[in-house]
Amino acid sequence: RAGARGGAPPAKPKPRTLDNTRESEVTTVKEDDEEIIADEAEDEFAPYFSDEIRPKILLTTRPCPSAELFHFIADLMRFIPQM
């Protein structure tokens, strides 16, 4: 219709969201902060999150497990890899 009236439609205004209306804060960490990058590289859990080390999983049950619990544990062992 706008073409029939002889012009382009007006540009839609950018919607206001929490992200684009948030005031910047001095305590906000930048993505390229060298100190944070070094801390993440030295993190003791970094090998687990980068899949260098597979975590060990231990499933426990109560002292007198029922038959249903054995079936549930068997299902978990099929669902969780490397058990």
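Residues numbered from 1 in each chain as written. Predicted model: local features only at pLDDT ≥ 70, side-chain atom pairs only at ≥ 80, totals over all residues. Heavy atoms only, no water.

Some remarks on the packing of aromatic side chains
Then comes step 1: Enumeration over the complete set of coordinates arrives at one aromatic pair.
Then comes step 2: Seen from their ring centres, Phe45 and Tyr48 are 6.3 Å apart, and the 45° between their planes marks the pair as tilted.
Then comes step 3: Overall, Phe45 belongs to the partly exposed group, its relative accessible area being 44%.
Then comes step 4: Taking the relative accessible area as the measure of exposure, Tyr48 reaches 37% and is therefore partly exposed. (Phe/Tyr/Trp six-rings, centres within 6.5 Å; stacked < 30°, edge-to-face > 60°. Buried < 20%, exposed > 50% of the residue type's maximum accessible area, 1.4 Å probe, protein only.)

Digging into a nonpolar patch on the surface
Then comes step 1: A surface patch of nonpolar side chains, about 450 Å² in accessible area, is lined by Phe45, Tyr48, Phe49 and Ile53.
Then comes step 2: Position of Ile53 relative to the elements: it lies in the loop between helix H4 (46-49) and helix H5 (67-79). (Patch = residues over 30% accessible without salt bridge, like charges linked within 9 Å, V, L, I, M, F, W, Y side chains within 5 Å. Areas by Shrake-Rupley, 256 points an atom, 1.4 Å probe, with all protein chains shown as cover. Salt bridge = Lys/Arg side-chain N within 4 Å of Asp/Glu carboxyl O. Helix = DSSP H or I, 4+ residues; strand = E, 2+ residues; numbered from the N terminus.)

With respect to the pattern of salt bridges
Oppositely charged side chains may form a pair once their charged atoms are brought near each other.
Then comes step 1: In this structure the tally under the stated criterion is two salt bridges.
Then comes step 2: Notably, a salt bridge pairs Asp19 with Arg22, separated by 3.1 Å at the nearest N-O pair.
Then comes step 3: Its relative accessible area of 56% is what places Arg22 among the exposed residues.
Then comes step 4: Arg78 is the partner of Asp75 in a salt bridge, and the nearest nitrogen-oxygen pair spans 2.2 Å. Taken together, the residues span about one helical turn, with Asp75 and Arg78 both in helix H5 at a distance of three residues.

With respect to the confidence of the model for the protein chain
Then comes step 1: In the predicted model, the protein chain carries a mean pLDDT of 84, and 90% of its residues have values of at least 70.
Then comes step 2: The secondary-structure element of the protein chain with the lowest mean pLDDT is helix H1 (residues 2-5), recorded at 61, while H5 shows the highest, at 90. (pLDDT = per-residue confidence, 0-100.)

Some details on the environment of Asp33
Then comes step 1: By secondary structure assignment, the location of Asp33 is in the loop between helix H2 (18-21) and helix H3 (34-41).
Then comes step 2: Given the relative accessible area of 29%, Asp33 is considered partly exposed.
Then comes step 3: Taking the C-alpha atoms as reference, Asp33 lies 29 Å from Arg54; in sequence the two are 21 residues apart.

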